[in-house]
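Structural characterization, general
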Amino acid sequence: MADAPPVDESHIGETPLLRVEHPDVPCEVYAKPEWYNLHAHPYGGGSVKSRIARSMLDAAAAADDLDDDALVVEPSSGNTGTALARLGVARGYDVEIVMPAEAPVEKAEAIRAAGGTVTVAPDYETMLAVADRRVTEADAYMPDQYANPANPAVHERTTGPEIRAQTAERVTHFVAGAGSGGTVTGVGRALRERGDVTVVGYEPAEPRHGIDGLKYVRGSRYHDPAVYAADELDAVLSISTADAYYEARRLRERYAERDPEIHDTGQYDAALVREHLRADGEFLVGPSSGGALAAVTRLADHGDLGSDDVVVVPFPDRGDRYAHVPLWDDYL
């Protein structure tokens, strides 16, 4: 059994809310920086996937699907794998993550640092098949973020209500990318209970893209995850890698010498939030955060946003998870 690094699971959820300037948009834009989940850990803290990792492990334990010496196997491009390794190993399980060869090296390093092991699949297309084979070979348990209802359920139960409370019910739009699809589906369900919130998803425009963590959603279990309820969304946009990178870099430049406004500190105090805003002095977000801002720009360009609107996007992870990809290799 791997040694279990200490993990404080109370530091999952109740993340802060930042107000971010977006000069091309006529309304207020807020971002939920999800690296404050398990923020004290290396490689940029946690991510939005910390929420689903805890939720899926809790559901499996409640269903008696996990023995004390269980092996957990999961296909992941990195963030879910890192979160499962951190939580699973700390709970006493062995964790093996099947990653595509092109995933950022920092994510594989984070999984190993958490006590998990990494099996490399040739590419995204073969990742699920390799994971399925490992489950059969090792009699392992697969949480399967792409089909597990505990994925969107935790966002419906926690992330969505947090957004409603932190905006004092003023939120009018939620915009998020589709990886497994759990975030936009679950948050969307929580927000749409109010009846007047527009929920917009976005997907990469190209089959081979650089918006890590997101999927070109077309057919098959991998490309069309069961937890992704696209038919419940008001719109689904296609965003190019170039546009996602442009908005992420522009955000860094906008806050080169000042911090974004901390609108709500979540479960933390302002000093801790400020401490974890930056990586090596830079305000860096991952490519899917840039993609969300690019989708907001698209909505504004189409005339779908007015001065009274309040848009919220997730910032799924921090940019120091991407030091060896073109987004941030000039800065880290």
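Below you will find a few notes about this structure. (Residues numbered from 1 in each chain as written. Predicted model: local features only at pLDDT ≥ 70, side-chain atom pairs only at ≥ 80, totals over all residues. Heavy atoms only, no water.)

**A closer look at the sheet that holds strand S9 (residues 261-264)**
Counted only if it meets this: Pairing between strands is defined by DSSP: at least two bridges between them are needed. In this text, helices come from DSSP runs of H or I with a minimum length of four residues, and strands from runs of E with a minimum of two, each type numbered from the N-terminal end. Comment: axis = line fitted to C-alpha atoms, over the contacting stretch for helices; angle = value between 0 and 180 degrees taken between N-to-C directions. For this analysis, residues touch if any pair of their heavy atoms sits within 4.5 Å.
Strand order in the open sheet made by the seven strands is S8-S7-S6-S10-S2-S1-S9, with mixed pairing throughout. Because the sheet does not close on itself, it has two edges, and the strands there are strand S8 (235-239) and S9. Here the average twist between neighbouring strands, direction ignored, is 30°. Contacting strand S1 (17-19), strand S2 (28-33), strand S6 (173-177), S9 and strand S10 (310-315), helix H5 (residues 150-166) runs over the sheet at an angle of about 135° to S2.

**Considering a negative patch on the surface**
Threshold: A patch consists of residues whose relative accessible area exceeds 30% and which take part in no salt bridge; residues with like charges are grouped when within 9 Å of each other, and nonpolar side chains (Val, Leu, Ile, Met, Phe, Trp, Tyr) when within 5 Å. In this description, accessible areas are obtained by the Shrake-Rupley approach with a 1.4 Å probe, and a residue is regarded as covered only by the protein chains that are shown. A pair is scored as a salt bridge if a Lys or Arg side-chain nitrogen falls within 4 Å of a carboxyl oxygen belonging to Asp or Glu. Think of it this way: Lys and Arg go in the positive column, Asp and Glu in the negative one, and His and the chain ends go nowhere. Charge positions are represented by NZ for Lys, CZ for Arg, CG for Asp and CD for Glu.
A cluster of like negative charges, contributed by Asp64, Asp65, Asp67, Asp68, Asp69 and Asp139, occupies part of the molecular surface. Tracing the backbone through its elements, the reader meets Asp68 in the loop between helix H1 (49-62) and strand S3 (71-75).

**Side note on helix H8 (residues 241-254)**
Rules: Here a helix's expected span is defined as the number of its residues, less one, multiplied by 1.5 Å. Only protein chains enter the area calculation, which uses a 1.4 Å probe; residues under 20% of their type maximum are buried, those over 50% are exposed, and those in between are partly exposed.
The first and last C-alpha atoms of H8 sit 20 Å apart over 14 residues, in line with the 20 Å expected at 1.5 Å per residue. Of all the positions in H8, only Thr241, Ala244, Tyr245, Glu247, Ala248, Arg250, Leu251, Arg252 and Arg254 are classed as buried. For H8, the elements touching its buried residues are S8, helix H10 (287-301) and S10.

**Considerations on the sheet that holds strand S5 (residues 117-121)**
Taken together, the three strands give an open sheet; going across it, the order is S3-S4-S5, and neighbouring strands pair in parallel fashion. Across the chains shown, the open sheet's two edge strands, defined by having one partner strand only, are S3 and S5. Averaged over all adjacent pairs, the angle separating strand axes in this sheet is 20°, with direction ignored. Pairing geometry for strand S4 (residues 94-100) and S5, over five bridges, is parallel. Among the inter-strand pairings, Ile97 is bridged to a residue of S5, identified as Val118. Packing against the sheet, helix H2 (residues 79-90) makes contact with S3 and S4, and its axis sits at approximately 170° to S4. Packing against the sheet, helix H4 (residues 124-138) makes contact with S3, S4 and S5, and its axis sits at approximately 165° to S3.

**So, the side chain of Arg252**
Stated precisely, the cut-off is as follows: In protein, a polar contact requires one atom able to donate a hydrogen and another able to accept it; more generally it is a pair of N or O atoms within 3.5 Å, and residues adjacent in sequence count only if both atoms are side-chain atoms.
In this structure, Arg252 sits in helix H8. Relative accessible area serves as the criterion here: at 14%, Arg252 is assigned to the buried category. Separated by 3.0 Å, the side chains of Arg252 and Glu282 make a polar contact. In this view, Arg252 contacts Glu282, Phe283, Leu284, Trp328 and Tyr331; residues no more than four positions away in its chain are not counted.

**Observations concerning the packing of H5 against helix H6 (residues 182-192)**
Our working rule: Should an angle fall under 35 degrees it is called roughly parallel, over 145 degrees roughly antiparallel, and 65 to 115 degrees roughly perpendicular, with every other angle called oblique. For any helix crossing, the convention is left-handed if the near helix is rotated counterclockwise from the far helix by under a right angle, and right-handed if that rotation is clockwise. In this classification, Asp, Glu, Lys and Arg are treated as charged, Ala, Val, Leu, Ile, Met, Phe, Trp, Tyr, Cys and Pro as nonpolar, and every other residue, Gly included, as polar.
It is the contact of H5 with H6, at a shortest axis distance of 7 Å, that shows an interaxial angle of 55°. Between H5 and H6, the angle is such that the two are oblique. Pair H5 / H6 crosses with right-handed handedness. Across from Asn151, Pro152, His155, Glu156, Thr159, Gly160, Pro161, Ile163 and Arg164 in H5, the residues of H6 making contact are Gly182, Thr183, Thr185, Gly186, Val187, Arg189, Ala190 and Leu191. Its residues placed into classes, the contact of H5 with H6 shows six nonpolar, eight polar and three charged.

**Considering the nonpolar core**
Put simply, the rule reads: The criterion is simple. A nonpolar core is a set of buried Ala, Val, Leu, Ile, Met, Phe, Trp, Tyr and Cys residues joined through side-chain atoms within 4.5 Å.
The biggest cluster of nonpolar side chains holds 42 residues, and the ones touching the most others in it are Phe283, Val313 and Phe315. Elements represented by at least two residues in this core include exactly S2, strand S7 (198-204), S8, H8, H10 and S10. Among residues more than four places away in sequence, those in contact with Phe283 are Leu18, Trp35, Leu251, Arg252, Tyr255, Pro260, Leu277, Arg278 and Phe315. If you look at the next biggest cluster of nonpolar residues, it comprises 27 residues, including Ala60, Met99, Ile111 and Ala150.

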